[in-house]
Amino acid sequence: MAENRASVYAEGVPCWVDAQLADVEAGKRFYGELFGWTFEDWFGPFAQALKDGEPVAALVRKMDGRLPTVWTVYFATPDAAALARRVRAAGGQVVSSPVPAGELGVTALVTDPEGAVFALWQPAEHPGFGRRHEPGTFAWAELYARDTEAANAFYGDLFQEALFGPDAEPDFGRAPVSDVFPAEMPPHFLVHFAVEDVPAALEDVTRLGGRIQAPPFDTSYGTVAVVTDNQGASFALLHR
């Protein structure tokens, strides 16, 4: 069932993801075969990924080779400028101030106090995911932090309603970096995509030129494996 309705995504709910890649055509081949995505040209350098005709993600060509090859998670907000101010007031940083993305919405790139990068999305014509929580679509975002108590305080205040409100069904959690990654790894968000069979999906990842960073392990929200695509962007496979 498609969920492409702006009202679905209250402030603080993960509503979109995109990957910054050097070679978008190679990314289309990788993710198209892995998740069954099709693609269409979209805003600027973006290619929109579709699952059964509904928007699920985007791939974007890096404008500068020095930029990281990475998946970014976007959190919904009715007012990107106001949320960016709250991020800064709480000790985070605004990497790029809110700017319109054509008629689609308004976006900003920010960090938490430890430097984990995430994006804000104020929807207009593009509410966010048309499908999620099903195989081949977004299922979870995990923050890997050094100071989990500080992360609890920052995000608990920033996204109180989405995380703890009476109707909250969070798609977002946190864990210490050292649980999965080397201790020197910077704090970061890890985007999770749902799959029906983690071992089978891992075989596909390696066949397509990706690699396994962390073999399957159990979490409170399902069985997870961490991988990179054929260009080095990390993401996770999740089975619930």
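Only a predicted model underlies this, so the values are computations on that prediction, with no experimental measurement involved.

J.: Please clarify how the overall build of the protein should be interpreted in this entry.
T.: Along the backbone of the protein there are 5 helices and 14 strands. The C-alpha radius of gyration of the protein comes to 17 Å, within 12% of the 18 Å expected for a compact globule of 240 residues. Dimensions of the protein along its principal axes, counting C-alpha atoms only, are 45 × 40 × 40 Å. Taken over 240 residues, the protein has a buried fraction of 51%. The contacts of the protein with a sequence gap of at least 6 include a subset with a gap of at least 24, amounting to 63%. Per element, the accessible surface of the protein, about 10800 Å² overall, is 51% carbon and sulfur.

J.: Any chance you could explain the sheet that holds strand 9 (residues 138–145) here in plain terms?
T.: Either a parallel or an antiparallel arrangement is found when strands of a sheet pair, and the pairing is made through backbone hydrogen bonds. The strand order across the open sheet built from 6 strands is 10-9-11-14-13-12, with neighbouring strands paired in mixed fashion. Since the sheet does not close on itself, it has two edges, and those belong to strand 10 (172–176) and strand 12 (211–219), each with one partner. Averaged over all pairs of adjacent strands, the angle between their axes in this sheet comes to 30 degrees, without regard to strand direction. In the sheet, strand 12 pairs with strand 13 (residues 222–228) via 6 bridges, with the strands oriented antiparallel. Within strand 13, the residue paired with T219 across the bridge is G222. On the sheet, helix 3 (residues 148–158) packs against strand 9, strand 10 and strand 11 (188–194) and is oriented at approximately 160 degrees with respect to strand 10.

J.: Help me understand the packing of aromatic side chains in this model?
T.: Working definition: an aromatic ring pair is given by the centre-to-centre distance plus the angle between the planes. Tallying each qualifying case throughout the model produces 34 aromatic pairs. With centroids separated by 4.9 Å and ring planes inclined at 75 degrees, the aromatic side chains of F30 and Y31 adopt a geometry described as edge-to-face. F30 sits in the buried class, given a relative accessible area of 1%. Aromatic pair Y31 and W37: ring centres 5.5 Å apart, planes at 20 degrees, arrangement stacked. Neither Y31 nor W37 differs from the other in exposure class; each is buried.

J.: Just to check I follow, could you spell out the UniProt feature "domain: VOC" (unreviewed entry) in the protein for this structure?
T.: Taking the UniProt record as the reference, the feature "domain: VOC" (unreviewed entry) is found at residues 13–123. Summarising residues 13–123: 20% helix, 50% strand, and an end-to-end C-alpha distance of 12 Å.

J.: What should I look at first to understand the pairing of strand 13 in this one?
T.: Strand residues, when the strand is regular, have side chains that alternate between the two faces of the sheet. Buried residues dominate strand 13, accounting for 6 of its 7 residues. Between strand 12 and strand 13, which pair antiparallel and follow one another directly, the connecting turn spans 2 residues. Of the strand pairs in this sheet, strand 13 and strand 14 (residues 234–239) are connected by 6 bridges, and their pairing is antiparallel. When the sheet's bridge partners are listed, V224 is paired in strand 14 with L238. Between strand 13 and strand 14, which pair antiparallel and follow one another directly, the connecting turn spans 5 residues, one of which, G232, has a positive phi of 105 degrees.

J.: Please clarify how the packing of helix 2 (residues 80–89) against helix 3 should be interpreted in this entry.
T.: Two quantities define a packed helix pair, namely the angle between the axes and the distance from one axis to the other. Running from amino to carboxyl end, helix 2 crosses helix 3 at an angle of 155 degrees, the nearest separation of the two axes being 11 Å. The pairing of helix 2 with helix 3 is recorded here as roughly antiparallel in orientation. Considering how the two elements wind past one another, helix 2 and helix 3 form a crossing that is right-handed. Only F154, D157 and L158 of helix 3 make contact with helix 2, whose side of the interface consists of L83, R86 and V87.

J.: What is the right way to look at the pattern of salt bridges in this model?
T.: Tallied over the entire structure, the rule returns 7 salt bridges. For D64, the salt bridge goes to R66, with nearest N and O atoms at 2.8 Å. Using a relative accessible area of 26% as the deciding quantity, one classes D64 as partly exposed. Among the charged side chains, a salt-bridge network with shared partners connects E33, D204 and R207.

The rules behind these values
- Residues numbered from 1 in each chain as written.
- Predicted model: local features only at pLDDT ≥ 70, side-chain atom pairs only at ≥ 80, totals over all residues.
- Heavy atoms only, no water.
- Helix = DSSP H or I, 4+ residues; strand = E, 2+ residues; numbered from the N terminus.
- Rg over C-alpha atoms; globule rule 2.2 N^0.38 Å.
- Buried < 20%, exposed > 50% of the residue type's maximum accessible area, 1.4 Å probe, protein only.
- Contact = heavy atoms within 4.5 Å.
- Areas by Shrake-Rupley, 256 points an atom, 1.4 Å probe, with all protein chains shown as cover.
- Pairing = 2+ DSSP bridges.
- Axes fitted to C-alpha atoms, helices over the stretch in contact; angles between N-to-C directions.
- Phe/Tyr/Trp six-rings, centres within 6.5 Å; stacked < 30°, edge-to-face > 60°.
- UniProt positions renumbered as here; feature names shortened; annotations may be inferred.
- Parallel < 35°, antiparallel > 145°, perpendicular 65-115°, else oblique.
- Left-handed = near helix turned anticlockwise from the far one by under 90°.
- Salt bridge = Lys/Arg side-chain N within 4 Å of Asp/Glu carboxyl O.

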